[in-house]
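Structural characterization, general
Each chain is listed here by its residues.
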Amino acid sequence: MFTSRHLGTPSSTLRLYTTVLRRAMTKLIGTHNGHFHCDEALAVHMLHQTRLFKGGDLVRTRDPAKLGTCDIVVDVGGVYDPSTHRYDHHQRGFTEVFGGKFETKLSSAGLVYKHFGKEIIASILDLEESDSKVELLYNKVYENFIEALDGGDNGISQYPPDIKPRYRIGTALPQRVAGLNPWWNQKDVDLDAQFMKAVAMTGHDFTDAVRYLGFSWLPARDLDHLFTLEQELCIEDKPLYVLYPDDNNQWRVQCVPPSPESFECRKALPQEWRGFRDDELSERCGVPNSVFVHMSGFIGGNRTKEGALEMAVKSLE
């Protein structure tokens, strides 16, 4: 037993006691060392946003004995057991998915999000966890942000393997995180420091995604969630064009795609209008005050709402 005789003055005793107590109360978050990926970096960031693991220290190791001292372990250990806060997804027989309409096998990011996501969303957006908006955003954030990370980390293709992509995407979050790992010919790199850069990077993107969905997408639900409304209202005659004002106090006519992910149009603006502007476009389409039509035909503009509407009507012919 320690006494003031061992520790010195009462003030030094208090400082040491406070330090020991703080260390005893600090949670340990464990993940594997070495080469890192997007999913465990984001998992660590999300855990730091929770009440239970906020300010938790990080242990990066594959030593089972050291992992055994951790309060929570992600992406290593071969165990998925929420009751003991073990969240690995590499073990044989693991088939956990987010639920509902989502069938993608979870990575460590998906596992942490599944169990802590509502609390994290409520904290970022300053909402009560019981707020109905949190439940809606919980699913939307998974669909828009987390599921792609789960699929990529588990090697699940986004499309059938016999379809060759026309171009490669190298700037997505997983690729950016992968770029923080040392190059094959780099020596003496502090992997733990690089991993913390990945934690910060994934956390920044995740927070931005939640804030956009909470503060922009959700308020727009009453105005322009076209695809959701079509599905909810079982609309058969689907709209082809949408009119809206732009930042220059002019009006746009935009073609509706077949789905939110598509670059195609249900019905593009006429070919003979595309790539022309102003007076020449107005003469070609027969609508005064026309401003432009994009080369691909997915959008056009007019100086007035009436003109944009007339462009849309003529495009139906």
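Thresholds, definitions, all that
- Residues numbered from 1 in each chain as written.
- Predicted model: local features only at pLDDT ≥ 70, side-chain atom pairs only at ≥ 80, totals over all residues.
- Heavy atoms only, no water.
- UniProt positions renumbered as here; feature names shortened; annotations may be inferred.
- Pairing = 2+ DSSP bridges.
- Helix = DSSP H or I, 4+ residues; strand = E, 2+ residues; numbered from the N terminus.
- Core = buried A, V, L, I, M, F, W, Y, C linked by side-chain atoms within 4.5 Å.
- Buried < 20%, exposed > 50% of the residue type's maximum accessible area, 1.4 Å probe, protein only.
- Contact = heavy atoms within 4.5 Å.
- Right-handed = clockwise from strand over helix to strand, strands pointing away.
- Axes fitted to C-alpha atoms, helices over the stretch in contact; angles between N-to-C directions.
- Parallel < 35°, antiparallel > 145°, perpendicular 65-115°, else oblique.
- Left-handed = near helix turned anticlockwise from the far one by under 90°.
- Nonpolar A, V, L, I, M, F, W, Y, C, P; charged D, E, K, R; others polar.

An unreviewed UniProt entry lists the protein under the name Metal-dependent protein hydrolase, with Modicella reniformis as the source organism. Regarding the protein, the relevant UniProt record gives this comment under Sequence similarities (unreviewed entry): "Belongs to the MYG1 family."

Strand order in the open sheet formed by 5 strands is 2-1-3-5-4, and the pairing between neighbours is mixed. The sheet is open, and its two edges are formed by strand 2 (57–60) and strand 4 (80–81), each paired on a single side.

Grouped together as the largest cluster of nonpolar side chains are 46 residues, with contacts concentrated most on Y113, I121, V141, F145 and F206. Elements with a contribution of two residues or more to this core: helix 3 (38–48), strand 3 (72–74), helix 5 (108–125), helix 6 (132–153), helix 7 (173–178) and helix 8 (191–217). Broken down by element, this core gets its largest block of residues, 9 residues, from helix 5. Excluding residues within four positions of it along the chain, F145 makes contact with L42, L173, T202, D205, F206 and A209. Within the second largest apolar cluster, 11 residues are counted, among which are C255, L281, V293 and M311.

Successive residues of a regular strand alternate their side chains across the two faces of the sheet. Of the strand pairs in this sheet, strand 1 (residues 28–31) and strand 2 are connected by 4 bridges, and their pairing is parallel. Pairing of I29 across the sheet is with L58, part of strand 2. Crossover handedness for the path strand 1 to helix 3 to strand 2: right-handed.

What follows deals with the sheet that holds strand 10 (residues 290–293). Strand order in this open sheet of 4 strands is 8-9-11-10, and the pairing throughout is antiparallel. On the outer flanks of this sheet lie strand 8 (241–245) and strand 10, each paired with one strand and no other. Averaged over all pairs of adjacent strands, the angle between strand axes in this sheet comes to 20 degrees, irrespective of strand direction. The pairing of strand 10 with strand 11 (residues 299–302) spans 3 bridges and is antiparallel. Bridging from a neighbouring strand, S290 pairs with N302 of strand 11.

On strand 9 (residues 251–255), burial follows the alternation: W251, V253 and C255 on one face are buried, whereas R252 and Q254 on the facing-out side are not. In the sheet, strand 8 pairs with strand 9 via 5 bridges, with the strands oriented antiparallel. Residue V242 lies in a different strand from strand 9, and its bridge partner there is Q254. Remark: 5 residues form the turn of the hairpin made by strand 8 and strand 9, two consecutive strands paired antiparallel; N249 in that turn has positive phi of roughly 60 degrees.

Next up on the list: the environment of G155. Looking at the secondary structure, you find G155 in the loop between helix 6 and helix 7. Judged by its relative accessible area of 62%, G155 is exposed. For the pair G155 and K105, spaced 50 residues apart in the sequence, the C-alpha separation amounts to 9.7 Å.

Once that is clear, we can look at the packing of helix 5 against helix 8. Two elements in contact, helix 5 and helix 8, have axes separated by 10 Å at closest approach and are oriented at 65 degrees. By the angle between their directions, the pair helix 5 and helix 8 is classed as roughly perpendicular. Crossing handedness for the pair helix 5 and helix 8: right-handed. Of the residues in helix 8, those touching helix 5 at Y113, I120, I121, I124 and L125 are F206, T207, V210, R211, G214 and F215. For the contact of helix 5 with helix 8, the class distribution of residues is 8 nonpolar, 2 polar and 1 charged.

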